[in-house]
Amino acid sequence: MKFGAIAIGRNEGERIRRCLMSLSTAASVVYVDSGSTDGSAQWARDHGVCVIELDMNIPFTAARARNVGFKRLQEMAPDLFYVQFVDGDCELSEGWSEHAISFLESHSDVAAVCGRLRERHPDQTIYNWLCDKEWDRPPGEVSACGGIAMMRAATFAAVGGYRDNIIAGEEPELCFRLRAAGFHIWRLNND
């Protein structure tokens, strides 16, 4: 596969294990840890994942974590075409990477694709159920994707990545710049 992956997280426990296992088809994986105390970073290291522990003396943002991971991924594998960003409490569904890359390869004007997020246990709490319903959006062209997306690595780099200082809403801001550069964003049907 011609993609690398960046996972970000803190104290994800079993979730980071599932997340990193779901990235097994990636050529390279970077896990950016933001101060875990539960052994997440060590577990990832023990399983061959490149781990970066963020300097928590600098204000944390998910954007900063993703950018740090992307920089390291480029050092490890500068010829990768695509990068999958994922939060450590999420995992990719089987076949997602192939589906996303196939779409990107056949649509040169698309910079990023995302899929349908699903709550692992939607019936466990009302909050889980509400999140699962909120994430149920139709496929097609969208103005923005969230932080769990497959992107063209060169295009991500060309627009300067995420803005490190944005505490929330960094994904729509990035997508605004991607669209301003002439690219499109798509949500794919991954059922």
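Criteria and cut-off values
Residues numbered from 1 in each chain as written. Predicted model: local features only at pLDDT ≥ 70, side-chain atom pairs only at ≥ 80, totals over all residues. Heavy atoms only, no water. Buried < 20%, exposed > 50% of the residue type's maximum accessible area, 1.4 Å probe, protein only. Helix = DSSP H or I, 4+ residues; strand = E, 2+ residues; numbered from the N terminus. Pairing = 2+ DSSP bridges. Arc of directions from axis to C-beta. Contact = heavy atoms within 4.5 Å. Core = buried A, V, L, I, M, F, W, Y, C linked by side-chain atoms within 4.5 Å. 1 Å grid on protein atoms, 1.4 Å probe; cavity = no way out; pocket = protein on both sides within 12 Å on 5 of 7 lines; lining within 4 Å. Points joined across faces, edges and corners; volume = space filled by probe spheres on them. Nonpolar A, V, L, I, M, F, W, Y, C, P; charged D, E, K, R; others polar.

Asks: Help me understand the pairing of strand β4 (residues 82-87) in this model?
Replies: Side chains on a regular strand alternate between the two faces of the sheet. Across the six residues of β4, five count as buried, placing the element largely inside the fold. As judged from the six bridges shared by strand β1 (residues 3-9) and β4, these two strands associate in the parallel manner. Following the sheet pairing, Ala 7 is matched in β4 by Val 86. Inspection of the sheet shows β4 paired to strand β7 (residues 149-152) by four bridges, in the antiparallel sense. Among the inter-strand pairings, Gln 84 is bridged to a residue of β7, identified as Met 150.

Asks: Even after reading the chapter, I still don't get helix α1 (residues 14-21), so can you show me in this structure?
Replies: Spacing of three or four residues puts side chains on the same side of an α-helix, whose turn is 3.6 residues. Burial in α1 covers these residues: Ile 16, Cys 19 and Leu 20. Buried residues along α1 cover an arc of 90° about the axis, so they all sit on one side. In the core, the buried residues of α1 are packed alongside β1, β2 (28-33), α2 (40-46) and β4.

Asks: Even after reading the chapter, I still don't get the nonpolar core, so can you show me in this structure?
Replies: Soluble, globular proteins show a tendency: their nonpolar side chains are buried together. The biggest cluster of nonpolar side chains holds 32 residues, and the ones touching the most others in it are Ile 6, Phe 85, Cys 145 and Met 151. Ala 7, Tyr 31, Val 49 and Leu 104 belong to the second-largest nonpolar core, a separate cluster that totals 28 residues.

Asks: Please clarify how the layout of surface pockets should be interpreted in this entry.
Replies: Where empty space is left can be seen by rolling a probe of water-molecule size over the atoms. Roughly 630 Å³ of volume is contained in the largest pocket. Along its surface, the largest pocket is lined by 22 residues, and Asp 89, Cys 90, Glu 91, Leu 117 and Arg 118 are the ones closest to its centre. Contributions of two or more residues to the lining of the largest pocket are made by α1 and β4. A class-by-class count of the residues in the lining of the largest pocket yields seven nonpolar, five polar and 10 charged. There is about 420 Å³ of room inside the second largest pocket. If you go around the second largest pocket, you meet 25 residues; those closest to its centre are Leu 117, Trp 135, Gly 146, Gly 147 and Ile 148. The set of elements that each furnish at least two residues to the lining of the second largest pocket consists of β1 and α3 (62-76). Here the residues of the lining of the second largest pocket sort into nine nonpolar, six polar and 10 charged.

Interpretation in functional terms is not warranted from these geometric data alone.
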